[in-house]
Structures are given as C-alpha cells and as structure tokens.
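Chains, contacts and geometry: an overview
Listed here are the chains, written in short residue letters.
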Amino acid sequence: MNNALRLGVAGLGTVGASLLRLTQRHADELALRCGRPVVVTAVSARDRNRDRGVDLSSVTWFKDPVALATSGEIDVFVELMGGADGVAADSVRAAINAGKHVVTANKALLAKHGTELARRAEEKGVSLNFEAAAAGGIPIIKTLREALAGNTVGRVYGILNGTCNYILTRMEREGLAFDACLAEAQRLGYAEADPTFDVDGFDTAHKLSLLTAIAFGTEISADAIYVEGIRSISTADIEAADELGYRIKLLGVATRTDTGIEQRVHPTMVPKSSPIARVDGVTNAVAVEADFVGRLVLAGPGAGGDATASAVMSDIADLARGDVVGTFGRPAHTLKPYQRAAMRAHAGGYYIRLSVFDRPGAFASIAKRMAENDISLESIVQRRRAPKADAPEHPRPQEPQPVMLITYDTTEAQVKEALDRIMADGHIAERPQMIRIEQLA
Ligand SMILES: NC(=O)c1ccc[n+]([C@@H]2O[C@H](COP(=O)([O-])OP(=O)(O)OC[C@H]3O[C@@H](n4cnc5c(N)ncnc54)[C@H](OP(=O)(O)O)[C@@H]3O)[C@@H](O)[C@H]2O)c1
C-alpha cells in the first residue's frame, strides 16, 4: 500500500457516504484501473456519532475540515460539504496552500471563487478537479476539458437542474399547475423546503458558469448570467407550446457571439424533435456544439449520492494515474476576462402570451406595435375561454381572451419595446408572458 493514493474526505452526507461505499466496494478494480490503490485514510463531518452506513473503523476522524485539509495523512482533499464560503472555502484554500490536490463537487464555491482557486492551485502545482459540480453523474467536464480539446465550441446548453425538469414534466403530463408540482417534488425529496435556488434558476446558473469557463476559456462570471426561473410558467403556456410543436425546458445556454459570450438561464421553448426536448423528469442533459465534432448530447442523472460519487471518483482516478489537466482545461493565468454579450442583443424567436380584452381594435393595435418594431409573426393562436356554466353564451366584451404569438427571429430589445407599448395601450389585462425559443438542430 506504499504507493496508495490517500484521500481525506470532508463531508459524509449524501455524496460523501456514497463515495466511501464506492471506494470500498470497488477497491480492487480501482487499483487495477488507476495502477495503484485508492484509499480513504481520513474523514471529517459534524456529527461523529451518526451512522452513515459505512465502515469508518480504519479512518482517522478530524473534527476540523481545515486540519484534515492540511494533514500529512492525505494526498488529496475531497471537499463534499457544500457552501460558497465558510468551511468549504477555508479548507479548499488550506489544502491547496499545503500542496494537496483538491476534488470538489461544490458548484457554489467554484461559481464564486473558481478563478481565484484555479490560479492558486496552478501556483502551487496541484490539481483542482470538479467533475461532479456540473450535471452530477454526467461526465461533461471531462468531455469539454479533454475529449473536445481539438474543437472550438460555439454553444453549450443543457437541462442542468433536475428539480425544474421534474416540475415541468409533471405540469406537461398531468396538466397540473406549478405550485402543485412543486409541492409534489418537495414531498418526494426532489425539491428543498426552500426551493428558490432551484426553481429561480440560480443552481443552473452556477453550473452554467463552470461550463462557460471551460468551453470559452474565460474567467468565471456567474454574476453576469441573465437568470429567469420557472415560476411564471402556466399550464396555458405548456399547452400552447405543445400545440405549436415545442416543449418548455429550463435551459442554461452559453453562446459565442460577435460581441462576447451570451450566458442565460430561462424557460425555453425547444422543438419537440430535438434530443433535449425528450429529457424528462429529474434527468439532466448537456449539449455541446463544436466546429469539428458537430453536436454531442450527454444525458443522465444530474444528482443523487451514487451518481455524484461516480463523478467524484473519475477526478480521483485521474489524480491516481497522474493525469494533470488545468482546472478549466488550460493554464489558469491564460483565462480571458469574461466579455458579456448584452441580453438586449439576444436574437431568436419568441413565444408571447397576451391576455387581450375582447373589444374592437385591440388586436389591430397589437399587430401595429409588433410591426413598428419590425417583428414578424410566424403564428397566432387565439383561444376563446370556455364560458362559465352560468355565463352568457359569448364572453362579455371586457373579458380578456388568451392570444399566443410566435415571432420570427427578432431581438430581445425589439420584443421588450413592443410589449411595453402594448401594455401601455391598455388592451391587455396582465403582464405579457414571453418565452424565448431556442433553435436546435
Ligand atoms: N446531493 C447531490 O445529489 C449532489 C449532486 C451534485 C453535487 N453535490 C454537491 O456535493 C456537496 C455535498 O452535497 P451533499 O448532498 O452530500 O450534502 P449533505 O448531504 O448535506 O452533506 C454535507 C456533509 O458535510 C458535513 N459538514 C457540513 N458542515 C461541516 C463542517 N463545518 N465541518 C465538517 N463537516 C461538515 C455534514 O456533516 P454531518 O453529516 O455531520 O451533518 C455532512 O456530512 C455539495 O457541494 C453539493 O452541492 C451534491
């Protein structure tokens, strides 16, 4: 065991406990694949007495993760505690400063401090690996960082949050409202008691920021991402999307444009024929479009202890074999400052749902505002709301009726301007709904 790679694992929760199980169950096979044994020699968590379903009799327990990070008993510090700051950041910095390789699954930490930590690791000559931090069990970091080294990436996009995809899938399949699906996701453990981080798009943004840095060689810039969550999606939108040949997914998208890199997270209409449209439930998927390879789509579990531990072990196996790759696939000091493409310049098709008062001239006025902003309409769907049982046969003139529009390619600025004018004209009863359409081959 002299040449064993010694791991210090901080965090024995969902992922940490699975990693220990994996390391024990596959010890022999791992030793063959890595050319040396991989052993957990030390661990840290808060509660020493908790039964974690794994044998801890032969490992050293550290009360303090920072002490574990700098211990002479380990070669690699595996951070599986979570959190952008606090003990996770302190222990990762301490490990790097002490010359230890680091493996982490912590997207929040990297989205906030990734560039600094990558530079620090480079200065110290150690690796900082994070396969599990984006899309859980899907090996997208290795794919972008290594397998696509010979390509220039044009666009990377994906379903990066299982909670949102679960909710949208249930809404579509069962015609349920967002709130009901969220409650069900919470009951089943797919959503946190406070779902903000997931359903408002921030978790997707963290992961997207990591993919962007590798795909485009830029410094991490999670704060510069345009973020919109899925709370505003209604069953009317889901039904209209279906009728028009689309499905609605929360996508994270990073695209190279003439003016910089566009990074955005928002509900997106994707053509039903695209592979990403067929990804249901808690499953994640990431697509990469690159000049030589064309398009790749990887799909699989984006979370869960075992799937995430599988990704953590892929980073550990690289270290055991002596494979060293820059954190973001190139020397950290060569990462370019992130140049943001203005969201106003985003070009594409749009779905717009208006609640229009049923009165003469309303529709003509809407069409005029669209034309003034050079927006051409590809399709218009107008629905008569079914009258209530005790209502007269035709809706009263003032009762708003849903109208769905699909535009040809236009810009975000033009759409926003047209919708502001339409609102001001007073022919609609509520704020317009607007969902971007992503053209996917
Ligand atoms: N769960 C997933 O599916 C998943 C997927 C992808 C990435 N990740 C990432 O993986 C990381 C771990 O997630 P998780 O779901 O395994 O979290 P978790 O179940 O909440 O486990 C966190 C662990 O960290 C320990 N911990 C927290 N604060 C500590 C401190 N001050 N000192 C020592 N130990 C401390 C906890 O100790 P106690 O057990 O004693 O409380 C617990 O064992 C996070 O960065 C997360 O974003 C998770």
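Residues numbered from 1 in each chain as written. Predicted model: local features only at pLDDT ≥ 70, side-chain atom pairs only at ≥ 80, totals over all residues. Heavy atoms only, no water.

1. Focus on helix H4 (residues 86–97)
Note the following rule: Strands here mean DSSP runs of E at least two residues long; helices mean DSSP runs of H or I at least four residues long; both are numbered from the N terminus. Helix span, as expected, comes to 1.5 Å for every residue beyond the first. Here, two residues are considered to be in contact whenever any of their heavy atoms come within 4.5 Å of each other.
For H4, spanning 12 residues, the distance from its first C-alpha to its last is 17 Å, which sits close to the expected 16 Å at 1.5 Å a residue. Elements in contact with the buried residues of H4: helix H3 (65–69), strand S4 (76–79), strand S5 (101–104) and helix H5 (107–124). Two residues or fewer after H4 comes Gly99, characterised by a positive phi angle close to 80°.

2. Describing the environment of Pro400
Along the chain, the position of Pro400 falls in strand S15 (residues 400–407). Residues Pro400 and Ser355, 45 residues apart in the sequence, show an inter-C-alpha distance of 5.4 Å.

3. Thoughts on the pairing of strand S10 (residues 260–271)
Selection criterion: We call a residue buried when its accessible area falls under 20% of the maximum for its residue type, exposed when it is over 50%, and partly exposed in between, using a 1.4 Å probe and counting protein chains only. We treat two strands as partners when DSSP finds at least two bridges between them.
Taking burial as the measure, the 12 residues of S10 include 12 buried ones, the bulk of the element. Both strand S8 (residues 226–227) and S10 contribute to a ladder of two bridges, which runs parallel. Bridge assignment links Tyr226 to a residue of S10, and that residue is Arg264. Bridge count between strand S9 (residues 246–257) and S10: 12 bridges; the pairing is antiparallel. In the sheet register, Leu251 faces S10, and the bridge partner there is His266. From the end of S9 to the start of S10, which pair antiparallel, there are two residues.

4. Some details on the packing of helix H1 (residues 14–25) against helix H12 (residues 305–321)
Let me state the cut-off plainly: As a rule, the C-alpha atoms of each element are fitted with a line to give its axis, helices using only the stretch in contact, and angles between N-to-C directions run from 0 to 180 degrees. Crossings are assigned a handedness: left-handed for a near helix turned anticlockwise from the far helix by less than a right angle, right-handed for a clockwise turn.
The geometry of H1 relative to H12 is characterised by a closest axis approach of 8 Å and an angle of 65° between their N-to-C directions. Of the two elements, H1 crosses H12, and the hand of that crossing is right-handed. Between H1 and H12, the residues in contact are Thr14, Val15, Ser18, Leu19, Arg21, Leu22 and Thr23 and Gly305, Asp306, Thr308, Ala309, Ser310, Val312, Met313 and Ile316, respectively.

5. What to know about the packing of aromatic side chains
The following threshold applies: Within 6.5 Å between ring centres, the rings of Phe, Tyr and Trp (the latter by its six-membered ring) count as paired, and their orientation is classed by plane angle as stacked under 30 degrees, edge-to-face over 60, tilted in between.
Evaluated as defined, the whole model comprises two aromatic pairs. For the pair Phe130 and Phe328, a centre-to-centre distance of 5.4 Å together with 55° between the ring planes defines the contact as tilted. Taken together, the positions of Phe130 in the loop between strand S6 (128–129) and helix H6 (140–147) and Phe328 in the loop between H12 and strand S13 (347–357) put the pair 198 residues apart, joining distant regions of the chain. The exposure class assigned to Phe130 is buried, which follows from its relative accessible area of 0%. Exposure remark for Phe328: the relative accessible area of 1% places this residue in the buried category.

6. As for the domain arrangement of the chain
Selection criterion: Source of the domain bounds: an automatic or database domain assignment. Buried area: the accessible surface (1.4 Å probe) lost by two parts on joining, summed over both. By convention in these notes, a salt bridge is any Lys or Arg side-chain nitrogen within 4 Å of a carboxyl oxygen on Asp or Glu.
Domain boundaries assigned for the chain yield domain 1 (5–133), domain 2 (140–301) and domain 3 (350–437). Its C-alpha centre places domain 1 at a distance of 28 Å from the equivalent point of domain 2. Taken residue by residue, the interface counts 12 residues in domain 1 and 13 residues in domain 2. In total, about 1,000 Å² of surface goes out of reach between domain 1 and domain 2, with carbon and sulfur atoms giving 61% of it. Looking at the side of domain 1 facing domain 2, the largest losses of area belong to Ala111, Phe130 and Glu131, adding up to 47% of the total buried there. Where domain 1 touches domain 2, the interface holds two salt bridges. Salt-bridge contacts for Lys107 lead to Asp203; the nearest nitrogen and oxygen are separated by 3.8 Å.

7. As for the packing of H4 against H5
We apply this condition: To sort the angles, those under 35 degrees are grouped as roughly parallel, those over 145 as roughly antiparallel, those from 65 to 115 as roughly perpendicular, and the leftovers as oblique. In this classification, the charged set is Asp, Glu, Lys and Arg, the nonpolar set is Ala, Val, Leu, Ile, Met, Phe, Trp, Tyr, Cys and Pro, and all remaining amino acids, among them Gly, are polar.
Put simply, H4 and H5 touch, their axes get as near as 9 Å, and they point 10° apart. Considered as vectors, H4 and H5 are oriented roughly parallel to each other. The two elements H4 and H5 meet at a crossing, and its hand is right-handed. On H5, the residues touching Ala89, Val92, Arg93, Ile96 and Asn97 of H4 are Leu109, His113, Glu116, Leu117, Arg120, Ala121 and Lys124. Class assignment for the residues of the contact of H4 with H5 results in six nonpolar, two polar and four charged.

8. A few points about the nonpolar core
Selection criterion: Take the buried residues of types Ala, Val, Leu, Ile, Met, Phe, Trp, Tyr and Cys, join any two whose side-chain atoms come within 4.5 Å, and each joined set is a nonpolar core.
One finds Phe77, Ile140, Leu144, Ile167, Leu211 and Ile230 to be the most contacted residues of the largest nonpolar core, which totals 80 residues. Of all the elements, helix H10 (residues 202–216) adds the most residues to this core, at eight residues. Sequence-distant contacts of Leu144, that is, excluding residues within four places in its chain, are made with Val153, Leu211, Ile214, Ala215 and Val288.

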